[in-house]
Amino acid sequence: MTLATACHTPKAPMTTTATWPALDDKLLADAAATYNFRLGIPIPLAVTPDGAVLFRRTQPREFAADLFELSPTGKVRTLVTAAELLGAGEEHLSNEEKAKRERTRTATKGVVDIDVSEDGSIVMVPLGGKFFLIDRASGKRTTVDPGGPAYDPRLSPDGRMVAFIRDRAIWLVPASGLVPKPLTIPPEGHEDGMADFAAQEELGRTRGYWWSPDGESIAFQRTDTRGMDTIYVSDARNPERAPVPFKYPRAGRPNAKIRLGVIGLAEQRAEDRIQWVDWSADYEYLASVQWPKGAPLTGLVLDRDQQKLMVFGFDAATRKFSSLLTESDDAWLNVDVGAPKWLPDGSGFLWMTEASGTWTLELHGRDGKHVRALTNAGFGLRQLIGVDETGAVVLASTDPTYADVFRVPLDGGAPVRLTASDGVAGQMRGRALANHGVVAVDIALAKGGRKTLAIGSTGTHELPSVAESPSLVPTTKLETIELAGRTHHVSITRPRAFDPNRKYPVLLKVYAGPHAVMVEAAADSYVMDQWYADAGFIVVRSDNRGTPNRGRAWERAILKDLITVPLDDQVGALQAVGARHKELDLARVGVFGWSFGGYFAAMAVLLRPDVFKAAVAGAPVTDWALYDTAYTERYMKTPQQNPDGYKATSALTHAAKLTRPLLVVHGITDDNVHFAHTLALVEHLYLAAKRAEVIMLSATHMVPDPKLMLAREQVQIDFFREHLSRSTP
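Owing to the predicted nature of the structure, the values given are computational and were not obtained by experimental measurement. (Residues numbered from 1 in each chain as written. Predicted model: local features only at pLDDT ≥ 70, side-chain atom pairs only at ≥ 80, totals over all residues. Heavy atoms only, no water.)

Focus: the packing of helix α1 (residues 25-33) against helix α12 (residues 706-723)
Axes are the key here: two packed helices are described by the angle between their axes and the distance separating the axes.
Then step 1. Their axes nearest at 8 Å, the elements α1 and α12 cross at an angle of 145°. Two packed elements cross with a definite hand, and for α1 against α12 that hand is right-handed. Along its contact with α1, which presents Leu 28, Ala 29, Ala 31, Ala 32 and Ala 33, the element α12 presents Pro 706, Met 709, Leu 710, Glu 713 and Gln 714.
Then step 2. Considered class by class, the residues forming the contact of α1 with α12 number eight nonpolar, one polar and one charged. (Axes fitted to C-alpha atoms, helices over the stretch in contact; angles between N-to-C directions. Helix = DSSP H or I, 4+ residues; strand = E, 2+ residues; numbered from the N terminus. Left-handed = near helix turned anticlockwise from the far one by under 90°. Contact = heavy atoms within 4.5 Å. Nonpolar A, V, L, I, M, F, W, Y, C, P; charged D, E, K, R; others polar.)

Observations concerning the packing of aromatic side chains
Then step 1. By the definition in use, this model includes 25 aromatic pairs.
Then step 2. For the ring pair Trp 20 and Phe 537, a centre distance of 5.2 Å and an interplane angle of 20° mean the geometry is stacked. A residue pair is termed long-range when its members are at least 10 positions apart, and Trp 20 in the loop between β1 (2-4) and α1 and Phe 537 in the loop between α5 (527-534) and β42 (538-542) qualify at 517 residues. Residues Trp 20 and Phe 537 agree in their burial class; the two are buried.
Then step 3. Ring centres of Phe 164 and Trp 171 lie 6.3 Å apart, and the angle between their planes is 25°; this geometry places the pair in the stacked category. The pair formed by Phe 164 and Trp 171 is uniform in burial state, with each residue classed as buried.
Then step 4. Ring-pair connections join several aromatic residues into one group, and the members of that group are Trp 332, Tyr 511, Phe 596, Tyr 599, Trp 624, Tyr 627, Tyr 631 and Tyr 635. (Phe/Tyr/Trp six-rings, centres within 6.5 Å; stacked < 30°, edge-to-face > 60°. Buried < 20%, exposed > 50% of the residue type's maximum accessible area, 1.4 Å probe, protein only.)

What about the sheet that holds strand β14 (residues 181-182)?
Then step 1. Pairing is antiparallel in the open sheet, where four strands are placed in the order β11-β12-β13-β14. Each edge of the open sheet is held by one strand with a lone partner, namely β11 (151-155) and β14.
Then step 2. Where strand β12 (residues 161-166) meets strand β13 (residues 169-174), six bridges bridge the pair, whose relative direction is antiparallel. Note that in β13 the partner of Phe 164 across the bridge is Trp 171. (Pairing = 2+ DSSP bridges.)

Quick word on the sheet that holds strand β10 (residues 141-144)
Then step 1. Across the sheet, four strands lie side by side as β7-β8-β9-β10; this open sheet has antiparallel pairing. Since the sheet does not close on itself, it has two edges, and those belong to β7 (115-116) and β10, each with one partner.
Then step 2. Here β7 runs beside strand β8 (residues 122-127); their pairing, made up of two bridges, is antiparallel. Bridging across to β8, Val 116 finds its partner in Val 123.

Some points on helix α11 (residues 676-687)
Then step 1. Between its first and last C-alpha atoms α11 spans 16 Å; for twelve residues at 1.5 Å apiece the expected length is 16 Å, and the two agree.
Then step 2. Along α11, the residues that are buried comprise His 677, Thr 678, Ala 680, Leu 681, Val 682 and Leu 685.
Then step 3. In this structure, the buried side of α11 is in contact with β45 (662-667) and β46 (693-697).
Then step 4. Taken from the residues just after α11, Ala 689 is the one with a positive phi, measuring 60°. (Expected span 1.5 Å × (residues − 1).)

Looking at the nonpolar core
Then step 1. One finds Val 591, Phe 596, Phe 600, Phe 612, Trp 624, Leu 662 and Leu 681 to be the most contacted residues of the largest nonpolar core, which totals 70 residues.
Then step 2. Tallying contributions element by element places helix α8 (residues 596-607) first for this core, with nine residues.
Then step 3. Beyond its immediate stretch of four places on either side in the chain, Leu 681 contacts Thr 622, Ala 651, Leu 652, Ala 655, Leu 662 and Val 664.
Then step 4. Counting residues in each nonpolar core, the second largest holds 36 residues, with Ala 198, Leu 325, Leu 381 and Ala 396 among its members. (Core = buried A, V, L, I, M, F, W, Y, C linked by side-chain atoms within 4.5 Å.)

Some words on the environment of Gly 89
Then step 1. Structurally, the position occupied by Gly 89 is in the loop between α2 (82-86) and α3 (95-103).
Then step 2. Taking the relative accessible area as the measure of exposure, Gly 89 reaches 36% and is therefore partly exposed.
Then step 3. Residues Gly 89 and Gly 128 lie 39 residues apart in sequence; the distance between their C-alpha atoms is 7.9 Å.

Digging into the pairing of β12
Then step 1. A large share of β12 lies buried, amounting to five of its six residues.
Then step 2. Where β11 lies against β12, three bridges are found, and the strand directions are antiparallel. The residue of β12 that forms the bridge with Tyr 151 is Ile 165.
Then step 3. Taking the residues between adjacent antiparallel strands as the criterion, β11 and β12 are bridged by five residues, where Gly 159 takes a positive phi near 80°.
Then step 4. Between the end of β12 and the start of β13, which pair antiparallel, lie two residues, with Asp 167 showing a positive phi angle near 50°.

Concerning the packing of helix α7 (residues 564-580) against α8
Then step 1. Close contact between α7 and α8 brings their axes to 11 Å; oriented N to C, the two are set at 75°. Comparing the axis directions of α7 and α8 gives the class roughly perpendicular. The residues of α8 that touch α7, namely those facing Pro 566, Leu 567 and Gln 570, are Phe 600, Ala 604 and Leu 607. (Parallel < 35°, antiparallel > 145°, perpendicular 65-115°, else oblique.)

Observations regarding unusual backbone geometry
Then step 1. The residue after Ala 339, namely Pro 340, is reached through a cis peptide bond having omega 5°.
Then step 2. Tracing the sequence through the fold places Pro 340 in the loop between β25 (320-328) and β26 (341-342).
Then step 3. Phi at Asn 549 is positive, roughly 75°, even though this residue is not glycine.
Then step 4. Examined against the element boundaries, Asn 549 turns out to sit in the loop between β42 and α6 (552-555).
Then step 5. The exposure class assigned to Asn 549 is partly exposed, which follows from its relative accessible area of 31%.

Section: the pattern of salt bridges
Then step 1. Under the criterion given, the structure shown has 46 salt bridges.
Then step 2. Linking Lys 293 and Glu 118 is a salt bridge whose minimum nitrogen-to-oxygen distance equals 3.4 Å. Note that Lys 293 is positioned in the loop between β22 (283-290) and β23 (297-303) and Glu 118 in the loop between β7 and β8, a separation of 175 residues in sequence.
Then step 3. Residue classification places Glu 118 among the partly exposed residues on the basis of a relative accessible area of 43%.
Then step 4. Here Arg 486 makes a salt bridge to Asp 569, at a shortest N to O gap of 3.1 Å. In this pair, Arg 486 sits in strand β40 (residues 486-493) while Asp 569 sits in helix α7, placing the two residues 83 residues apart along the sequence. (Salt bridge = Lys/Arg side-chain N within 4 Å of Asp/Glu carboxyl O.)

Let's talk about the confidence of the model for the protein chain
Then step 1. For the protein chain, the mean per-residue pLDDT works out to 94, and 97% of the residues sit at or above 70.
Then step 2. Confidence drops under pLDDT 50 across residues 1-18; counting only partners more than four residues distant or on other chains, this segment forms 39 contacts. (pLDDT = per-residue confidence, 0-100.)

Comments concerning the side chain of Glu 362
Then step 1. Of note, Glu 362 is situated in strand β28 (residues 360-365).
Then step 2. A distance of 2.8 Å separates polar atoms of two side chains, one belonging to Glu 362 and the other to His 364.
Then step 3. With residues up to four places along the chain from it excluded, the contact list for Glu 362 reads Phe 349, Leu 350, Trp 351, Thr 353, His 370, Arg 372, Ala 373 and Leu 374. (Polar contact = N/O pair within 3.5 Å; in protein donor to acceptor, adjacent residues only side chain to side chain.)

Thoughts on the environment of Asp 399
Then step 1. Note on placement: Asp 399 falls in the loop between β31 (391-396) and β32 (404-408).
Then step 2. Exposure remark for Asp 399: the relative accessible area of 28% places this residue in the partly exposed category.
Then step 3. Between the alpha carbons of Asp 399 and Gly 128 there is a distance of 44 Å; along the sequence they are 271 residues apart.
Then step 4. Those residues within four positions of Asp 399 in sequence are excluded, and the remaining contacts are Arg 382 and His 489.
Then step 5. Within the structure, the side chain of Asp 399 is placed 2.8 Å from the side chain of Thr 401, a separation counted as a polar contact.

As for the pairing of β31
Then step 1. Counting buried residues along β31, six of its six residues qualify, which places the element largely inside the surrounding structure.
Then step 2. Bridge count between strand β30 (residues 381-388) and β31: six bridges; the pairing is antiparallel. Bridge pairing in β31 links Gln 383 to Leu 395.
Then step 3. Connecting the antiparallel pair β30 and β31 is a turn made up of two residues.
Then step 4. Note: β31 against β32, five bridges, orientation antiparallel. Opposite Ala 396, over in β32, you have Asp 404 as the bridge partner.

As structure tokens, this is what we get:
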């Protein structure tokens, strides 16, 4: 499953095997087989009007998920299993569905997504190319065969119709099973109803069309892809397969051109009857769309630099467009936080803003005018989960390592905590729902383990998990250090057989990029850190400026330069920890990470070989000009605006500086950080007469295959043992 290139780093002298502790092979095998102990954890999918929570869950060592229901009284029943629906057949995913699951980091299969009728009586489960409609009261199942490829099916509010995407168009099929027919006919070079790459990967929007509340119309995205670059992802491991083309917007290159239209079901295939929602051409990204009952069709749009946004409303009956809210930021705006959300009666909507320097929740009227602030600057607001008649439901904490769920009254009253401050609520994005008076939330516990709760008027009930528990509790300790007057959070994981009289080589496990934190009060997050520590190391993590949950100024310190501040902060934190704890041998430090963490690891050995003596870079971005527009330009702006910044932050620029061992691991079918990044780095190293080790995986960005996960950790520990066995000048 792996292919090694001809580029190798000269090997350091090996110590005897007795020098290093025996590896915990069982823990590693268990972690790989359970997808790091995440299989078997319930994932909430919907809350029905009667207060039931529908959730999917796999077996502890299987990737196929089944569908379950937790009643308001806490009773659990199985609605359907993947095996029942598929039978002896295999699930064959389209390229579009594979891409969507990669965008949403969905590694499981079987029941992945569902849709529910407005009254909650019918649940639709798409699987194996068919749509299965389940009557919750009777259990009766109806199978709808779309008669061909069908991507992203959506049930109408009344449950009588299913819309789906085929051949770049929106199609309709009655739930009674009649012949499906196209609703739209996109022009050549256009796509209807499909979320574009930027929306899916960077803006948190995976949908490209939306039913009207009365089920008589559909709002849809029409995407003009003609000006975009087409790139091809080829699987060299399976050369008989044709390369898969993708419309990929690289930094500084053309984006998709997007329009939002509304078409009535009665206007099937009538192009001249489409109502187009026209907003200013200044706004290039369609970040979110919703069409709630009692409120207008609502969109959130951003300009290309993501420094200006507008929330608009569109009344399909009168064709009236109105700008409800605008906002600007001279660095960038964060929009993937759950807002806006309309109140159930349509009288107004909730909005989250960082204009004051920290997140604040606001109530706005139906016309967009500000009514009142609902939280203050010291609340620690992070995300808006939902809103109902009893108030808004949010994630918040003043401690960056914890997160809780709160209900915030709409009258300006004090927020009410709903969870117990025992870990990180909503740690995995998308695993928190709030609707119909019920909150369903996943919590990673500070003392180890996870729980998923349904909190409602009838009490709090736990969605049962069947996940396996790790065979150990990590030794990890969370601490804070001070750097130039700033407080930074760090974690330190020592061997379970720790000897305070020894000095240990250090591994910095890093991400360091925007919108992710590494130091959290969730013990199971450090299980693999413990595996590395027990192999003879001390593992350190820290969160630098540029990461979330610390306010606007902290996060935007990386504007136009994605490496200088993160590298300075990570080095500063590492050295401060080493000064405090003398058992850390700072003459033997390795660094490793994936994605942005892989980029950081590569840059660390290129720019600071005095600190880092070896690095493993997993799926690294090596040149930001090769990465996508919506992410890269948010922080770096375009290559045309910031040419010096792109040059200074590129690993290609600094390739000739390599003096330390570097291992690069990359999936050849990665359609997020394309394998071109690693090839470009290898070529620049070669031209500079430098060498690195490269392992190519027949895998995507996620690498969910247990065999590959197992091998990756073994290769990495061997690499660090080899190169950190003794101090290097």
